[in-house]
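Inside the fold
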Amino acid sequence: QQQEQQQQKQDVNHITNGSGSALIRMSPSPMTSRFRSNSSQFVDPEYYSQLTKLIQESAPLAVLAERVYIPAGKVVIGCDTSRNLLSETFNWDVEGPRQEEIVAACHMRAYPVTCGEYAEFVTANGYLDHRFWRTSDWEVIQRRHIVAPATWVRKMDGSWGVVTATRGVVPLKEAWFWPVYVSLMEVRAFCNWRNVRPMTEAEYMRATYGDYKDYPFPWGQEEAAGGKHGNFDWYQLQPMACFKPFSEGTSQFGAYELIGNGWEWTQSVFDRAPEQTSISSEGPIALEDLLDGKHYVLKGASWATDNRLLRKTFRRVVPENDPFLFAKFRYVISARDEAVFG
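Presented here is an overview of the structure given in this document. The structure displayed is predicted, hence computed values, not measured ones.

Parameters and conventions
Residues numbered from 1 in each chain as written. Predicted model: local features only at pLDDT ≥ 70, side-chain atom pairs only at ≥ 80, totals over all residues. Heavy atoms only, no water. Helix = DSSP H or I, 4+ residues; strand = E, 2+ residues; numbered from the N terminus. Buried < 20%, exposed > 50% of the residue type's maximum accessible area, 1.4 Å probe, protein only. Contact = heavy atoms within 4.5 Å. Areas by Shrake-Rupley, 256 points an atom, 1.4 Å probe, with all protein chains shown as cover. Core = buried A, V, L, I, M, F, W, Y, C linked by side-chain atoms within 4.5 Å. Phe/Tyr/Trp six-rings, centres within 6.5 Å; stacked < 30°, edge-to-face > 60°. Lys NZ or Arg CZ within 6 Å of the ring centre and 35° of its normal. Pairing = 2+ DSSP bridges. Axes fitted to C-alpha atoms, helices over the stretch in contact; angles between N-to-C directions. Polar contact = N/O pair within 3.5 Å; in protein donor to acceptor, adjacent residues only side chain to side chain. Salt bridge = Lys/Arg side-chain N within 4 Å of Asp/Glu carboxyl O.

A look at the overall build of the chain
Helix and strand content of the chain: seven helices and 13 strands. Counting only residues that meet the buried cut, the chain has 52% of its 342 residues in that class. Looking at the chain alone, contacts between residues at least 24 apart form 74% of all its contacts between residues at least 6 apart. When the accessible surface of the chain is summed, it comes to about 15,800 Å², and 50% of that surface belongs to carbon and sulfur atoms.

This is how it looks when you write it as structure tokens:
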């Protein structure tokens, strides 16, 4: 605690921390007493000024806030990995076991949340108010001095940019309608701010495949093609604007980009028992290490995902606080929803 207090006294002068997030510049004049009690980090009042200006100058696209109705139904999650050694089709152990689940009806956002929309959360002091964060998540935010998504950088002139894998830093204005890539803890905070919640893996499966249980893709049996059905298989070497969807990749219920342009966060903890899989995992990350309650399921695909990984049972199992996964999100709303405060 003494070390953190000492660190908070240093003027970090807008550099980045080890996770890539922009560190705040310490100011002798904190913002308001409201945030003084909630946060151990103070932000210069001018820190977000250019971000606020971008929001004021950018015309919102109402279409991005559209929601689609997902009727109740049964979904199949996972597959029987015990057949790995007997089948021509290989599946990773984390893809098992196969199970059925009933999904309640809900309204789901048709498009992923964009950088521009997420900027509203940032400038609303979302990273300074502990009420939006789970206790454990807030501790991470404080310890790492996170005040924006890890791939966002604030330049010395006050302007903001987004770090890309192939083009370096592009102006945030250019990426305004891209899906925002964040960690699950940031997804939860945003959803608390909007009084909605992240979707579950089962809800993702229902929204993506609908009643087409025997089809390998949301659009049917046609082989997946990057550029036709979505931004995957290196079609673009970066995300694309969400308001330019691939109509042929739309799901039965009208949701866009459930496959491609970024993995989809779910709030489903990975809890598949090791004994239910075909092989005892060993190596850098043992299967048992993923069962700590802190690893969650990603579905879908990013722009850099190979076509061969687009099978419906494929899932990525990742830490909840990892912001470097090319992972986007959307939220759901239903009559039984409650805010996801921890």
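There's plenty left to go through after this.
A look at the nonpolar core
Burial of nonpolar side chains together is a common tendency in soluble globular proteins. Counting residues in each nonpolar core, the largest one holds 46 residues, and the members touching the most others are Tyr118, Trp133, Trp152, Leu172, Trp265 and Phe329. When contributions to this core are tallied by element, the ones reaching two or more residues are helix 3 (49-57), helix 4 (115-123), helix 5 (135-144), strand 6 (160-163), helix 6 (184-194), strand 9 (262-269) and strand 10 (295-301). Once you skip the residues sitting within four places of it in the chain, tryptophan 133 turns out to touch Phe121, Gly126, Tyr127, Trp138, Ile141, Met185, Glu186 and Ala189. In terms of nonpolar packing, the next biggest core, distinct from the first, is built from 28 residues, Tyr111, Met199, Trp219 and Ala255 among them.

A look at the packing of aromatic side chains
On inspection of all chains with the given rule, the structure shows 21 aromatic pairs. Taken together, a centroid distance of 6.1 Å and an interplanar angle of 25° make the contact between tyrosine 48 and tryptophan 160 stacked. A residue pair is termed long-range when its members are at least 10 positions apart, and tyrosine 48 in the loop between helix 2 (33-38) and helix 3 and tryptophan 160 in strand 6 qualify at 112 residues. Each member of the pair, tyrosine 48 as well as tryptophan 160, is classed as buried. Through a chain of ring-to-ring contacts, the aromatic side chains of Tyr118, Phe121, Tyr127, Phe132, Trp133, Trp152, Phe190, Trp193 and Phe329 assemble into a single cluster. The positively charged end of arginine 188 is found above the aromatic ring belonging to tyrosine 296, 5.6 Å away from the centroid. Above the face of the tyrosine 209 ring, lysine 312 is positioned so that its terminal group lies 4.5 Å from the ring centre.

A closer look at the pairing of strand 4 (residues 106-109)
Remember that side chains alternate between the two faces of the sheet whenever the strand is regular. With four bridges connecting them, strand 1 (residues 67-70) and strand 4 associate as antiparallel partners. Bridging across to strand 4, valine 68 finds its partner in methionine 108.

A short note on the sheet that holds strand 10
Pairing within the open sheet is mixed, and its four strands lie in the order 11-10-9-12. Pairing within the sheet leaves two strands with one partner each, and these edge strands are strand 11 (316-319) and strand 12 (327-328). In this structure, strand 9 lies alongside strand 10, joined through five bridges in antiparallel fashion. Bridge pairing links tryptophan 263 to glycine 300 in strand 10. Contacts between helix 7 (residues 201-209) and the sheet are confined to strand 9 and strand 10, with strand 10 contributing the most and set at about 10° to the helix.

Here's the deal with the environment of lysine 328
Relative to the helices and strands, lysine 328 is located in strand 12. In sequence terms lysine 328 and tryptophan 263 are 65 residues apart; their C-alpha atoms lie 5.8 Å from each other. When neighbours within four sequence positions are excluded, lysine 328 is seen to be in contact with Pro112, Pro179, Val180, Tyr181, Glu257, Gly260, Asn261, Gly262, Trp263, Glu264, Trp265 and Ala301.

Some remarks on the environment of asparagine 321
Tracing the chain through its elements places asparagine 321 in the loop between strand 11 and strand 12. Overall, the relative accessible area of 25% leaves asparagine 321 in the partly exposed class. With 139 residues separating them in the primary sequence, asparagine 321 and valine 182 have C-alpha atoms 8.7 Å apart. Ignoring sequence-local partners within four residues, the contact set of asparagine 321 consists of Arg144, Ser183 and Met185.

What about the environment of aspartate 211?
Mapped onto the fold, aspartate 211 is located in the loop between helix 7 and strand 9. Taking C-alpha positions, aspartate 211 is 8.6 Å from lysine 74, a pair spaced 137 residues apart along the chain. When near neighbours in sequence (up to four residues on either side) are disregarded, aspartate 211 contacts Arg206 and Gln252. Reaching out from aspartate 211, the side chain makes a polar contact with the side chain of arginine 206 at a distance of 2.9 Å.

With respect to the pattern of salt bridges
As enumerated under the stated definition, the model contains 14 salt bridges in all. One salt bridge connects arginine 315 with glutamate 201, and the closest N-O pair in it is separated by 2.9 Å. Placement of the pair is arginine 315 in the loop between strand 10 and strand 11 and glutamate 201 in helix 7, with a sequence separation of 114 residues. Accessibility assignment for this pair places arginine 315 and glutamate 201 in one class, buried. Shared partners join several salt bridges into a network, and the residues in it are Asp137, Arg188 and Glu320.

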